[in-house]
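Here is what each chain is made of, one letter per residue.
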Amino acid sequence: MQLTTDQLEQFDREGYLFLPDVFTETESALLNREAQRVFAMDRKEVVREKDGKTARTAFAAQHYNEGFRRLGRHPRLLEPVKQILDGDVYMHQYKVNAKAAFNGDVWQWHQDYGTWSRDDLMPEARAMNIALFLEDVTEFNGALMFIPRSHKGGVIDAGHDVQTTSYPLWTIDDETITRLVDEGGIVSPKGRAGSVIMFHSNLVHGSPSNMSPYDRTIVYLSLCHVNNHIRQYKRPEWVAERDFTPLESLPDDCLLTMENAAAE
Ligand code: SIN
Ligand code: MN
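Structure report, in brief.

Procedures and definitions
Residues numbered from 1 in each chain as written. Chains lettered and ligands numbered in written order. Predicted model: local features only at pLDDT ≥ 70, side-chain atom pairs only at ≥ 80, totals over all residues. Heavy atoms only, no water. Donors = N, O, S within 2.8 Å, 3.2 Å for Na, K, Ca; no water. Buried < 20%, exposed > 50% of the residue type's maximum accessible area, 1.4 Å probe, protein only. Core = buried A, V, L, I, M, F, W, Y, C linked by side-chain atoms within 4.5 Å. Helix = DSSP H or I, 4+ residues; strand = E, 2+ residues; numbered from the N terminus. Pairing = 2+ DSSP bridges. Salt bridge = Lys/Arg side-chain N within 4 Å of Asp/Glu carboxyl O.

### Here we look at the coordination of the manganese ion (ligand 2)
Step number 1: Taken together, His 110 (NE2), Asp 112 (OD) and His 205 (NE2) make up the full set of protein donors to the manganese ion (ligand 2), lying 2.2 Å away.
Step number 2: If you list the donors of the manganese ion (ligand 2) from N- to C-terminus, the spacing comes out as H-x1-D-x92-H.
Step number 3: On the basis of relative accessibility, which here comes to 5%, the residue His 110 falls in the buried class.
Step number 4: Owing to a relative accessible area of 9%, Asp 112 belongs among the buried residues under this scheme.

If you want it as structure tokens, here you go:
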């Protein structure tokens with residue numbers, strides 16, 4: 001999948017791109033089944049909400065689940081990111097976020113590169129997210145919110161919030177968010193399972209809690225240009241990976257061949 005000149009310009013200007021229906025229903029349903037299996041595992045990589053039970057996020061699932069291993073090398077995700085970052089990429093972080101029905105908690109306003117630079121000493125914002133919806137995302141189940149063009153101002157001051165949720169985060173204060181929203185507004189791309197969002201690592205974003213009866217599972221690949229690898233190993237390697245080998249794409253049907261292999 002190659003991005004058009006218009007799409008590349010939109011990404012540069014607005015900081016994000018929403019691409020509906022990149023994966024089929026069969027592919028997203030297969031991965032969602034794998035996600036539920038992962039959330040049920042008792043592993044250190046699976047972080048729970050404050051209730052201690054509900055899965056919040058599963059890190060590094062590409063290392064212990066075959067479906068997510070394949071997705072981490074999927075050409076429909078890797079190729080457009082390589083195009084934007086202009087070269088080979090490695091996996092800096094991989095997470096499957098649950099945002100479970102009724103119990104999925106907020107992700108406060110933040111920038112991902114803010115964390116990657118402060119905690120991991122990643123030299124530049126030459127890294128980004130590509131996210132795949134495994135379930136429909138609606139106005140009810142905690143859709144992501146982005147502040148368009150907020151990536152243009154570089155890294156913004158942030159405070160380390162270790163209280164609000166079960167997962168510590170460098171978050172941006174209300175005054176700054178008010179100013180950025182005055183300038184750029186808020187967008188909240190919604191769509192069917194199989195849709196994709198790409199966003200700049202300095203784009204300010206967050207998401208509200210999920211009080212609906214609908215789960216909202218989304219997978220995030222955080223990919224970094226191989227020359228821009230992290231310089232500090234303070235966080236566990238399943239949160240900030242240390243293997244900087246360039247990722248090679250698998251065939252486009254790599255998820256479907258997995259399903260066929262399982263059925264044989
Ligand atoms: C994130 O920003 O890392 C996660 C946000 C979400 O899944 O809602
Ligand atoms: Mn984020």
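### Brief notes about the nonpolar core
Step number 1: If you look at the biggest cluster of nonpolar residues, it comprises 40 residues, and the most contacted ones within it are Phe 68, Leu 71, Tyr 94, Val 96, Val 196, Met 198 and Leu 223.
Step number 2: The dominant element in this core, judged by the number of residues it contributes, is helix H2 (residues 25-39), at five residues.
Step number 3: Ranked by size, the runner-up nonpolar core spans 12 residues in total, among them Phe 133, Ile 197, Phe 199 and Leu 203.

### With respect to the sheet that holds strand E11 (residues 205-207)
Step number 1: Reading across from one edge, E5-E11-E7 is the order of the three strands in this open sheet, with antiparallel pairing throughout. The open sheet terminates on both sides in strands that have one partner only, identified here as strand E5 (107-110) and strand E7 (145-146).
Step number 2: Bridge count for E7 against E11 is two bridges, and the pairing is antiparallel. Counterpart to Phe 146 in the pairing with E11 is His 205.

### Observations concerning the pairing of strand E4 (residues 89-97)
Step number 1: Burial analysis of E4 places nine of its nine residues in the buried class, which makes it a mostly covered element.
Step number 2: In the sheet, strand E3 (residues 55-59) pairs with E4 via three bridges, with the strands oriented antiparallel. Its bridge partner lying in E4, Thr 57 is registered against Asn 97.
Step number 3: Relative to strand E12 (residues 218-225), E4 runs antiparallel, the two sharing eight bridges. Paired with Val 89 across the bridge in E12 is His 225.

### Remarks on the pattern of salt bridges
Step number 1: Going through the model one piece at a time under the given rule, you end up with 17 salt bridges.
Step number 2: For Asp 252, the salt bridge goes to Arg 76, with nearest N and O atoms at 2.9 Å. Of the two residues, Asp 252 is situated in the loop between E12 and helix H7 (254-263) and Arg 76 in helix H4 (residues 75-85); the sequence distance between them amounts to 176 residues.
Step number 3: Residue Asp 252 is classed as partly exposed on the basis of its relative accessible area of 43%.
Step number 4: Taken together, the salt bridges that share partners define one network made up of Arg 13, Glu 14 and Arg 149.

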